[in-house]
Amino acid sequence: MSEIIIDHELVANSTSVEKAEFYKKTYAHVAGAFLVFLVLEGLFLNIGFMRDLAVQMTQGMSWLIVLGLFMLATTQAEKMVARATSINKQYLGLFIYVLAEAIIFVPLMMVAMAYLGTAVLMQAMILTIALFAGLSAVVLITKKDFSFMRSIITVGSIIALGLIVAGIIFGFDLGLWFSGAMVLLAAGSILYQTSNMIYRYSNDQYVLASLGLFASFMLLLWYIIQIFLSRD
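Sequence positions are assigned chain by chain, starting from 1 and proceeding in written order. Reporting of local features is limited, given that this is a predicted model, to residues whose pLDDT is at least 70; pairs of side-chain atoms are given and counted only at 80 or more, and all residues count toward the totals for whole chains, interfaces and linings. Side-chain metrics rest on all non-hydrogen atoms present in the structure, leaving aside hydrogens and water.

Visitor: When you look at the overall build of the chain in this model, what are you seeing that I'm missing?
Guide: Helix and strand definitions here come from DSSP, where helices need a minimum of 4 consecutive H or I residues and strands a minimum of 2 consecutive E residues; each element is numbered from the N-terminal end. In terms of regular secondary structure, the chain is built from eight helices and zero strands. Tracing the chain from N to C terminus, the helices and strands come up as α-α-α-α-α-α-α-α. Against the compact-globule benchmark of 17 Å for 232 residues, the chain has a radius of gyration of 18 Å, which places it among compact chains. In terms of principal-axis extent, the alpha carbons of the chain reach across some 50 × 40 × 35 Å. For the chain, the proportion of its 232 residues judged to be buried stands at 45%. Here, two residues are considered to be in contact whenever any of their heavy atoms come within 4.5 Å of each other. By sequence separation, contacts in the chain at least 24 residues apart represent 83% of the contacts at least 6 residues apart. Element-wise, carbon and sulfur atoms account for 69% of the exposed surface of the chain, whose accessible area totals about 12100 Å². We treat Lys and Arg as the positive residues and Asp and Glu as the negative residues; His and chain ends play no part in the count. Here the site of a charge means NZ on Lys, CZ on Arg, CG on Asp, or CD on Glu. A gap of 5 Å separates the mean positions of the 12 positive and 13 negative side-chain charges of the chain. Radius of gyration here is computed from C-alpha atoms only, and the compact-globule reference equals 2.2 Å multiplied by the residue count raised to the power 0.38. Between buried and exposed lies partly exposed: a residue is buried under 20% and exposed over 50% of the maximum accessible area for its type, with that area taken using a 1.4 Å probe on protein chains only. Every accessible area reported is derived by Shrake-Rupley at a probe size of 1.4 Å, with residue values counting cover from the shown protein chains alone.

Visitor: Can you walk me through the nonpolar core in this structure?
Guide: The tendency in soluble globular proteins is for nonpolar side chains to be buried as a group. Residues belong to a common nonpolar core when they are buried Ala, Val, Leu, Ile, Met, Phe, Trp, Tyr or Cys residues joined through side-chain atoms within 4.5 Å. One finds Phe37, Phe105 and Ile225 to be the most contacted residues of the largest nonpolar core, which totals 75 residues. Elements supplying a minimum of two residues to this core: helix H1 (16-45), helix H2 (48-57), helix H3 (62-83), helix H4 (87-115), helix H5 (117-142), helix H6 (150-170), helix H7 (175-199) and helix H8 (206-231). In terms of residue count, the dominant contributor to this core is H8 (18 residues).

Visitor: Would you mind showing me how to read the packing of aromatic side chains here?
Guide: Each aromatic pair joins two rings of Phe, Tyr and Trp (for Trp, the six-membered one) with centres within 6.5 Å, and gets the label stacked for planes under 30 degrees apart, edge-to-face for over 60, and tilted for any other angle. This structure, assessed with the given rule, holds ten aromatic pairs. On the basis of an interplanar angle of 85° and a centroid distance of 5.4 Å, the ring pair of Phe132 and Phe217 is categorised as edge-to-face. One end of the pair, Phe132, is in helix H5; the other, Phe217, is in helix H8, with 85 residues separating them in the sequence. Relative accessible area serves as the criterion here: at 5%, Phe217 is assigned to the buried category. Taken together, the ring pairs connect Tyr27, Phe34, Phe37, Phe105, Phe132, Phe217 and Trp222 into an aromatic cluster. The cationic tip of Lys144 hangs over the ring face of Phe146; the distance from NZ or CZ to the ring centre is 5.9 Å. Cation placement over rings: the criterion is NZ of Lys or CZ of Arg within 6 Å of the ring centroid and within 35° of the ring normal.

Visitor: Looking at this structure, how should I read H3?
Guide: Spacing of three or four residues puts side chains on the same side of an α-helix, whose turn is 3.6 residues. Compared with an ideal rise of 1.5 Å per residue, which puts 22 residues at 32 Å, H3 spans 32 Å between its outermost C-alpha atoms and is within 8% of the ideal. Summarising the contacts, the buried residues of H3 are in contact with H2, H4, H6 and H8. Take the residue count of a helix, subtract one, and multiply by 1.5 Å to get its expected span.

Visitor: Sorry if this is basic, but what is going on with the side chain of Ser14 here?
Guide: Inspection of the secondary structure assignment puts Ser14 in the segment before H1. Side chain to side chain, Ser14 and Asn203 meet in a polar contact 3.0 Å long. Once residues within four sequence positions are removed from consideration, Ser14 is found in contact with Glu9, Lys19 and Asn203. Within 3.5 Å is the distance limit for a polar contact, defined as a pair of N or O atoms, with the added protein rule that one can donate a hydrogen and the other accept it, and that residues adjacent in sequence qualify only through two side-chain atoms.

Visitor: Is there a simple way to explain the environment of Gly175 in this structure?
Guide: By the secondary structure assignment, Gly175 is in helix H7. Here Gly175 falls in the partly exposed class, since its relative accessible area comes to 26%. Sequence separation between Gly175 and Gln226 is 51 residues; the distance between their C-alpha atoms is 9.1 Å.

As structure tokens, then:
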């Protein structure tokens with residue numbers, strides 16, 4: 001039988017020890033999700049079928065279909081984690097999200113490996129981790145509530161998605177400035193998600209909290225890699 005989660009006390013109302021334990025669990029799950037992502041990515045990049053599929057994913061209007069399927073998969077994964085009453089179903093939802101990220105990253109990783117090489121790609125990942133840690137530290141130290149950024153992030157995401165779709169349809173490159181703007185959007189999302197971890201979640205929602213942080217981390221990683229590619 002699956003373990004049922006019954007603790008619904010808000011983290012903000014918990015003791016210092018309970019808060020520290022919740023933060024530890026959340027960031028451990030973010031790190032674990034990233035490690036699973038790296039393992040899956042390594043497997044996919046060494047499977048001929050996945051490499052061929054990645055090439056087809058980026059041809060013509062196929063990328064629009066891929067983006068649509070990715071959004072559908074991630075939405076369902078988020079709902080599964082948010083609504084599940086058992087820890088096993090929450091982990092399943094988190095894994096589905098990580099799997100979707102690993103698949104959509106294959107084309108970008110293939111290009112990055114070809115043009116940047118492993119060493120530079122590692123630099124991009126280290127920079128992403130450093131920025132993620134720094135932004136999280138800002139919220140954890142200052143205890144500032146960044147919930148006001150929700151509307152900004154929502155509007156920015158809609159505009160960004162519209163530009164991406166227009167770029168695919170009309171065949172124009174969004175360029176370095178767009179990648180820079182998306183890095184700022186991802187940074188805002190990290191601040192927002194970290195703030196949520198402190199003020200919006202209960203002690204049993206560390207998997208859900210880690211999903212939000214992981215999603216923001218992966219968005220940041222995507223566009224940092226794009227910036228590294230742009231300068232090559």
